[in-house]
Amino acid sequence: MSAKFFCCLILLIHGIQSVVGQLSVDFYRFSCPAVDSIVFETMKKLANESNVVAPSTLRLFFHDCFIEGCDASIMISSTPNNTAERDLPENNIAQNAFDAIIQVKKAVERACPRVVSCADIIAMAARDAVRLLGGPNWEVPKGRLDGLVSRAVRARGKVPGANTNVSQLIDIFAALNLSMLDLVVLSGAHTVGFSHCDQFTNRLYNFSSTTKTDPALNTAFASALEQRCPAGGNPNDFQAFDIITPFNFDNQYFRNLKVGQGLLFSDQDLVRNNFTAELVNRFALSQDIFFSNFIVSMVRLGNVGVKSNSGQGNVRRDCTAFNPAAPH
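These numbers come from a predicted model, not from an experiment.

(A) Structural detail: the nonpolar core. With 73 residues, the main nonpolar core has Phe 61 and Phe 294 as its most contacted residues. Per-element accounting of this core gives the leading share, 10 residues, to helix H5 (residues 118-132). Ignoring anything within four residues of it in the chain, the contact list for Phe 61 reads Cys 70, Ile 122, Ala 123, Ala 126, Met 298, Leu 301 and Gly 302. Counting residues in each nonpolar core, the second largest holds 12 residues, with Leu 204, Phe 221, Ala 222 and Leu 263 among its members.

(B) Up close: unusual backbone geometry. Despite not being glycine, Ala 72 has its phi angle at roughly 65°, a positive value. Position of Ala 72 among the secondary structure elements: in the loop between helix H3 (53-67) and helix H4 (95-111). Its relative accessible area of 0% is what places Ala 72 among the buried residues. In the Ramachandran plot, Asn 177 falls in the positive-phi region, its phi being about 65° despite a non-glycine side chain. Relative to the helices and strands, Asn 177 resides in the loop between helix H6 (166-174) and helix H7 (180-187). On the basis of relative accessible area, Asn 177 is assigned to the exposed category, the value being 62%.

(C) Main features of the state of the cysteines. Under the defined criterion, the tally for this structure stands at four disulfides. Each sulfur in the disulfide pair Cys 118 and Cys 319 lies 2.1 Å from the other. Looking down the S-S bond of the Cys 118 and Cys 319 bridge, the torsion is -95°, so its handedness is left-handed. One end of the pair, Cys 118, is in helix H5; the other, Cys 319, is in the segment after strand E4 (313-314), and 201 residues separate them in sequence. Across a sulfur-sulfur distance of 1.9 Å, Cys 197 and Cys 229 are joined as a disulfide pair. Its S-S torsion of approximately -60° makes the covalent link between Cys 197 and Cys 229 left-handed. Remark: Cys 229 occurs in the loop between helix H9 (219-228) and strand E3 (238-240) and Cys 197 occurs in the loop between strand E2 (194-196) and helix H8 (202-205); sequence separation between them is 32 residues. In this structure, Cys 197 and Cys 229 share a single accessibility class: buried. Taken in N- to C-terminal order, the disulfide-linked cysteines of the protein chain are connected 1-4, 2-3, 5-8, 6-7.

(D) Expanded view of the side chain of Asp 242. Within the secondary structure, Asp 242 sits in the loop between E3 and helix H10 (252-258). For the buried residue Asp 242, which engages in no salt bridge, the nearest side chain bearing the opposite charge is Arg 255, 8.9 Å off. Of note is the side chain of Asp 242, whose polar atom sits 2.8 Å from the side chain of Thr 245. Setting aside residues up to four positions removed in sequence, Asp 242 forms contacts with His 190, Thr 191, Asp 250, Gln 252 and Asn 256.

(E) Inspection of the environment of Val 116 at higher detail. Residue placement: Val 116 occurs in the loop between H4 and H5. Classification of Val 116 as buried rests on a relative accessible area of 0%. It is 26 Å that separates the C-alpha atoms of Val 116 and Asn 82, two residues lying 34 residues apart in sequence. The contacts of Val 116, once residues within four sequence positions are left out, are Tyr 28, Cys 32, Val 35, Lys 105, Val 108, Glu 109, Ile 121, Met 124 and Val 315.

(F) Structural context of H7. Of all eight residues in H7, seven are buried; the element is thus mostly enclosed. With a side-chain oxygen positioned 3.2 Å from the backbone nitrogen of Leu 181, the residue opening H7 is Ser 179.

(G) Inspection of the packing of aromatic side chains at higher detail. If you walk through the whole model with that rule in mind, you get 16 aromatic pairs. For the pair Tyr 253 and Phe 254, a centre-to-centre distance of 5.1 Å together with 80° between the ring planes defines the contact as edge-to-face. Neither residue differs from the other here; Tyr 253 and Phe 254 are each classed as buried. Look at Phe 254 and Phe 283: their rings are 5.3 Å apart centre to centre, the planes differ by 55°, and that puts the pair in the tilted class. With Phe 254 in helix H10 and Phe 283 in helix H12 (residues 274-285), this pair connects stretches of sequence that are 29 residues apart. One exposure class covers both Phe 254 and Phe 283, and it is buried. Joined through ring pairs, the aromatic side chains of Trp 138, Phe 249, Tyr 253, Phe 254, Phe 283, Phe 290, Phe 291 and Phe 294 make up one cluster. Seen from the ring of Phe 98, Arg 86 lies directly overhead, with NZ or CZ sitting 3.8 Å from the centre. Directly above the aromatic system of Phe 40 lies the positively charged group of Arg 131, at a separation of 3.9 Å from the ring centroid.

(H) Region of interest: H3. With 15 residues, H3 extends 22 Å between its outermost C-alpha atoms, agreeing within 8% with the 21 Å of an ideal straight helix rising 1.5 Å per residue. For H3, the tally of buried residues reaches 14 of 15 residues, placing the bulk of the element in the interior. Positioned one or two residues after H3, Gly 69 has a phi angle of 95°, which is positive.

(I) Representation of the packing of H3 against H4 in the model. Between H3 and H4, whose axes approach to 8 Å, the crossing angle comes to 85°. Relative to H4, the element H3 is oriented roughly perpendicular. For the pair H3 and H4, contact is made by Val 53, Ser 56, Thr 57 and Leu 60 and by Asn 96, Ala 97, Phe 98, Ala 100 and Ile 101, respectively. Each residue belonging to the contact of H3 with H4 can be placed in one class, and the counts come to six nonpolar, three polar and no charged.

Conventions adopted
Residues numbered from 1 in each chain as written. Predicted model: local features only at pLDDT ≥ 70, side-chain atom pairs only at ≥ 80, totals over all residues. Heavy atoms only, no water. Core = buried A, V, L, I, M, F, W, Y, C linked by side-chain atoms within 4.5 Å. Buried < 20%, exposed > 50% of the residue type's maximum accessible area, 1.4 Å probe, protein only. Helix = DSSP H or I, 4+ residues; strand = E, 2+ residues; numbered from the N terminus. Contact = heavy atoms within 4.5 Å. Disulfide = S-S within 2.5 Å. Lys, Arg positive; Asp, Glu negative; His and termini not counted. Salt bridge = Lys/Arg side-chain N within 4 Å of Asp/Glu carboxyl O. Polar contact = N/O pair within 3.5 Å; in protein donor to acceptor, adjacent residues only side chain to side chain. Phe/Tyr/Trp six-rings, centres within 6.5 Å; stacked < 30°, edge-to-face > 60°. Lys NZ or Arg CZ within 6 Å of the ring centre and 35° of its normal. Expected span 1.5 Å × (residues − 1). Axes fitted to C-alpha atoms, helices over the stretch in contact; angles between N-to-C directions. Parallel < 35°, antiparallel > 145°, perpendicular 65-115°, else oblique. Nonpolar A, V, L, I, M, F, W, Y, C, P; charged D, E, K, R; others polar.

Spelled out as structure tokens, the structure:
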């Protein structure tokens, strides 16, 4: 199969599957016409202040959509009566991301009070995070409402873990009506960001009953990781997913997988399935193909579990708390 034909095949499959539903890129055309520029300028300022903001905000979008759908339920703070989904151990997301969305919401509220949902702000901020890291730009379909439920107990098993194998990943994505193509494309977001040592040290020191180190790990890479995350060291120390260009949104992630430098087991396992391995190879060869498909997969992910009527959601005044109940 030629590279040109395979490129067209990928884009054709995505084009057939990509359905925006009730969302529209022009949703705020009259009610808040400057919302995209407000979000971008605020994200740009925050990203310039901390290099953690952009990667962590992109991760926040992923985790939000995987649990209750893209409804900003991950922003809700826990209360004495409810452990919210953000406090699920698998949702170990840097506070910078939550703070960024809060700041963007404040900026949007100053221009357009009680108009733009937190869910839409997260989707736009994730797009801008990619752009600020050197990745592609796209128009974000909007019109999501903020969800009315956020419970950690409902989130278990819905978020891919560091040791999730490729078959399990396929099932998790399929439950959201996302394809194996979406799985590989969206995994490419690990071209930026960091992981705590405790998410991968089992691959270094306790991989199986017969093997200390995961044989899929590049030997030199494993040695470097052992220096960064020694046995018995601080589990909260961290390591970049991509050791080559950790702050550039590019296709280096896929190149790393081809030489055994996937940080997490769930990353490296993508090369063990024939179909996902072929996609890894193709994206490693062409950043343009990766970028084109990433845009489509992000739009598809952003359409997961969308709330669009008042019985399902509303526009939160504060992204971290549900709106007060209206008096009867």
